[in-house]
Amino acid sequence: MPRILYAIQGTGNGHLSRALDIVPLLQQRASHLDVLVSGPAADSDLPFPVRYRCHGMGFIFGKKGGIDFLKTFWQLNSASFLREMRQLPVQDYDIVISDFEPVSAWACRLRQKPCVALSHQSAVLHAAAPQPARPDVIGKSVLRHYAPATASYGFHFEAYAPGIHTPVIRQQVRQLTPRTEEHYTVYLPAFDEPTLVRRLRYLSRTVRWEVFSRHSPHEAEYGNVRVRPVSGAAFTDSLARSAGVLCGAGFETPAEALYLGKKLLVIPMKNQYEQACNAAALAAMGVPVVKSLRDKHLATLDQWLREGRPVPVHYPDETALLLDRVLQEQTSSVPALLA
């Protein structure tokens with residue numbers, strides 16, 4: 001069995017959520033497994049041992065629906081990144097698997113060692129994956145070069161091509177028994193608490209909103225809007241009981257909402273190419289997409305509240321089979337380029 005380094009991008013919840021299922025499966029298939037986490041979650045407590053915790057290169061969310069490029073720029077400590085890249089001993093492993101993690105990817109590039117991408121971003125870059133109507137050459141280039149790989153396996157909302165697989169749905173979510181209560185679960189991390197409360201109450205004073213906010217350390221209630229700090233267990237429970245889900249056009253949260261049979265509406269983050277691609281894919285499936293919470297979009301939101309329906313999906317549990325394929329192909333040097 002191979003020695004494996006599994007590297008995870010810690011920005012956002014999606015990569016770490018996927019790792020909750022992938023790490024135990026890799027532990028069963030490796031003679032030795034080390035985990036690397038980079039980005040804001042590098043200091044978080046995780047239910048598996050982490051060998052390397054790196055600063056890496058992460059994106060910082062703003063408070064008005066987009067990425068805060070100024071703060072992102074200032075937190076990119078290039079000297080730190082170069083040091084982490086040079087010190088990471090990727091040569092000690094038979095296989096390096098990266099879930100959009102830049103330190104491991106560039107360390108492999110530096111030492112001319114293969115790096116296997118196992119990520120949603122790999123699928124987004126596939127020629128067969130849906131693209132936004134408005135091209136974003138810079139955004140696509142950033143996505144392509146952020147964590148370079150020599151072989152790629154991707155996850156997306158649908159299996160658009162042989163190299164693309166349906167989402168990894170956490171076992172915690174698969175074991176839920178969803179039910180429909182009165183509240184709507186909201187996760188829009190690029191908006192601050194006051195903006196969300198004001199706009200949601202303007203949209204409806206009767207609908208119960210459960211907002212999970214990265215900007216709120218304590219729980220609070222504002223009429224029909226309940227704001228809660230981000231918590232994995234609480235969020236998953238709210239999701240399973242919700243009447244619907246209003247969230248960004250990320251990957252894991254929309255995928256889990258679809259899997260649980262919840263009606264879904266997404267607001268893609270501004271200046272974020274990956275979310276624009278996700279929004280295009282979800283729109284093609286029949287999921288409503290709006291650009292913001294501004295007045296001109298309230299009619300769509302109101303219609304969704306009154307008439308929205310779940311979009312049926314089929315997301316079988318194929319993670320173990322995919323990992324077997326990845327390890328077999330990479331250890332036998334069979335080309336696995338996602339093209």
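Below you will find a few notes about this structure. (Residues numbered from 1 in each chain as written. Predicted model: local features only at pLDDT ≥ 70, side-chain atom pairs only at ≥ 80, totals over all residues. Heavy atoms only, no water.)

Some points on the packing of helix H3 (residues 78-87) against helix H4 (residues 102-110)
1) Next: At a closest axis distance of 8 Å, the pairing of H3 and H4 adopts a crossing angle of 60 degrees. Between H3 and H4, the interaxial angle falls into the category oblique. Between H3 and H4 lies a crossing whose hand is right-handed. For the pair H3 and H4, the contacting residues are Phe81, Glu84, Met85 and Arg86 in the first and Pro102, Val103, Trp106, Ala107 and Leu110 in the second.
2) Next: Of the residues belonging to the contact of H3 with H4, the class tally is 7 nonpolar, no polar and 2 charged. (Axes fitted to C-alpha atoms, helices over the stretch in contact; angles between N-to-C directions. Helix = DSSP H or I, 4+ residues; strand = E, 2+ residues; numbered from the N terminus. Parallel < 35°, antiparallel > 145°, perpendicular 65-115°, else oblique. Left-handed = near helix turned anticlockwise from the far one by under 90°. Contact = heavy atoms within 4.5 Å. Nonpolar A, V, L, I, M, F, W, Y, C, P; charged D, E, K, R; others polar.)

Focus on the pairing of strand S12 (residues 244-248)
1) Next: Most of S12 sits inside the fold, with 5 of its 5 residues counted as buried.
2) Next: Where strand S8 (residues 183-187) meets S12, 4 bridges bridge the pair, whose relative direction is parallel. Residue Tyr184 lies in a different strand from S12, and its bridge partner there is Gly244.
3) Next: As defined by bridge partners, S12 adjoins strand S13 (residues 263-267) across 5 bridges and the pair is classed as parallel. In the sheet register, Gly244 faces S13, and the bridge partner there is Lys263.
4) Next: After leaving S12, the chain enters helix H10 (residues 252-259) and then returns to the sheet as S13, a path that is right-handed. (Buried < 20%, exposed > 50% of the residue type's maximum accessible area, 1.4 Å probe, protein only. Pairing = 2+ DSSP bridges. Right-handed = clockwise from strand over helix to strand, strands pointing away.)

A short note on the environment of Leu327
1) Next: Summarising the element assignment, Leu327 is placed in helix H13 (residues 319-331).
2) Next: Considered as a pair, Leu327 and Pro2 are 325 residues apart in the sequence and their alpha carbons are 8.4 Å apart.
3) Next: Setting aside its immediate chain neighbours within four residues, Leu327 contacts Ile4, Arg29 and Ile95.

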